[in-house]
Amino acid sequence: MATETAVPGPAGNPLVGSLFDLTRRPLRTYLAARRDHGDVVRFQAGPPGLRADFYAVFSPEGVQQVLGGEAANFRKENAFYDELRTSVGNGLLTSQDGDYQRQRRLVQPLFTRRRVDGYADAIAREVQSLAERWRATPGGVVDAAEETSRFALRTVARILFGADVEEAVEVVNDSFPALGEYIKERGFSPVRIPRTWPTPGNRRGLAAQRALYEVCDRIIAERAASGGGDEDADDLLTLLGRARGEDGERLDPAELRDQVLVFLLAGHETTATSLAFALHLLAKHPGHRKLAREEARSVLAGRAPTAADLEALPYLTRVLKEAMRLYPAASLVGRRAVAETVIDGYVIPAGAQVVVAPLVTHRHPEHWADPERFDPDRFLPEEEKARHRYAWFPFGGGPRACIGQHFSMLEAVLTLGVLLRDFDLEAVDGRVALAQGITLRAASPMRIRVTPDAEGV
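Heads up: these notes are all about the structure in this document. In this text the structure is predicted, and so the values were computed from the model without any measurement. (Residues numbered from 1 in each chain as written. Predicted model: local features only at pLDDT ≥ 70, side-chain atom pairs only at ≥ 80, totals over all residues. Heavy atoms only, no water.)

## Details of the pairing of strand β12 (residues 447–452)
Two elements, strand β4 (residues 141–143) and β12, share 3 bridges in a ladder whose sense is antiparallel. For V142, the partnering residue across the bridge sits in β12 and is I448. Across 5 bridges, strand β9 (residues 423–427) lies against β12 in antiparallel orientation. What sits directly across from D424, in β12, is T451. (Pairing = 2+ DSSP bridges. Helix = DSSP H or I, 4+ residues; strand = E, 2+ residues; numbered from the N terminus.)

## Brief notes about the sheet that holds strand β2 (residues 52–57)
One open sheet accounts for 5 strands, arranged β1-β2-β8-β5-β3; its pairing is mixed. For this open sheet the edge positions go to β1 (40–45) and β3 (74–75), each flanked by a neighbour on one side alone. Here 4 bridges tie β2 to strand β8 (residues 353–356), and the two strands are oriented parallel to one another. Counterpart to V57 in the pairing with β8 is V356. Helix α2 (residues 26–37) contacts β1, β2 and β8 of the sheet and is inclined by roughly 130 degrees relative to β1. (Contact = heavy atoms within 4.5 Å. Axes fitted to C-alpha atoms, helices over the stretch in contact; angles between N-to-C directions.)

## Considering the packing of helix α12 (residues 253–284) against helix α13 (residues 286–300)
Running from N to C, α12 and α13 cross one another at 115 degrees; their axes reach a closest spacing of 5 Å. As summarised for this structure, α12 and α13 are arranged roughly perpendicular, according to the angle between their axes. Contacts between α12 and α13 involve L282, A283 and K284 from the first element and P286, H288, R289 and A292 from the second. Taken together, the residues of the contact of α12 with α13 break down into 4 nonpolar, 1 polar and 2 charged. (Parallel < 35°, antiparallel > 145°, perpendicular 65-115°, else oblique. Nonpolar A, V, L, I, M, F, W, Y, C, P; charged D, E, K, R; others polar.)

Written out as structure tokens, the structure is:
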């Protein structure tokens, strides 16, 4: 394909370009951009004098360049990552270069399949509590987004903190939404006022950050004072504190806090989104729900799930993957091009901001037939093998792929198994509005009616 320099894109508003479209309705704007302009699109956003160009890449081949083959040329350097790094620390999600390599070496052994499988008991305990609450819900109507958010937060907090879960959950539940909104507003604003200015937004955001830092620092200090916890303790905070590199290197208290905050953020919001949409999609599709329930009831048969059950629940795994195709939690991913490069025949200049959009690529009509249709069998082994590696990338890809992929899949599939074994589902809200914050979320109620099934209990 011949190299071109004029990358197509929307004209936008004469005064602010595409700024309002991108900040108020980003998902709709990116979907329309691919439809109208193709797989590489140039946006201009901001008022005159502050207007910035950036590029969206939608083809699987282009995504592979950005996240995989040329990942070193595309760095986590933009206003959003600056705000995220300042707010939740320099952990695995935000660190780069030597910091990232060092952290990955120390943390990777704690996320092996064998280690993660050991968290199945904690998942089972929390999903049992969730099921008991659903049985006691008057009228049997629950909001899937609210329920899965609470459940996923409790689960990751239990795995992180062990016995200190209650204190951490209360603070995180109160503080993370406010901090997330603060990060989003500052990260996508054309003008960022200093954090030291006493505006209402700054006060709310910084108060939420202080509350999170204080609870994490207090728990870390208490662990250190007690000698690092019980010898047999297997919560992630204890294991992070004990982690050593080949030369004896370790995470200091500030780095421990940064990792904990990243795990709390990435480990609960993403899984909650995937679970919520999987439940809602099944609630709307009785044929797929019937198959999923039959598998769950056959495999789990009234007992607590274990890690070994993951391989025995292939249909539920396909359901989850299809939910993550339609509603990927990380629906937009930004990078900065260090050097000039060519993607799909178009020149991307050095220093350009680049966005890849799983929500758009996952609906690309050249790779997904009838892309809006819910069809778990898209993820049969033969279908996955025939598809481009980056046609589906909810966990990212390349050297910065999510370290918690197996944990997320284990938690979500086992949870779906228990809930579908014990309850029938019916959608109350047919359509759900979407909003883009740090992660994708429902912007309207996602209510489902849950009917206990005595045979599944």
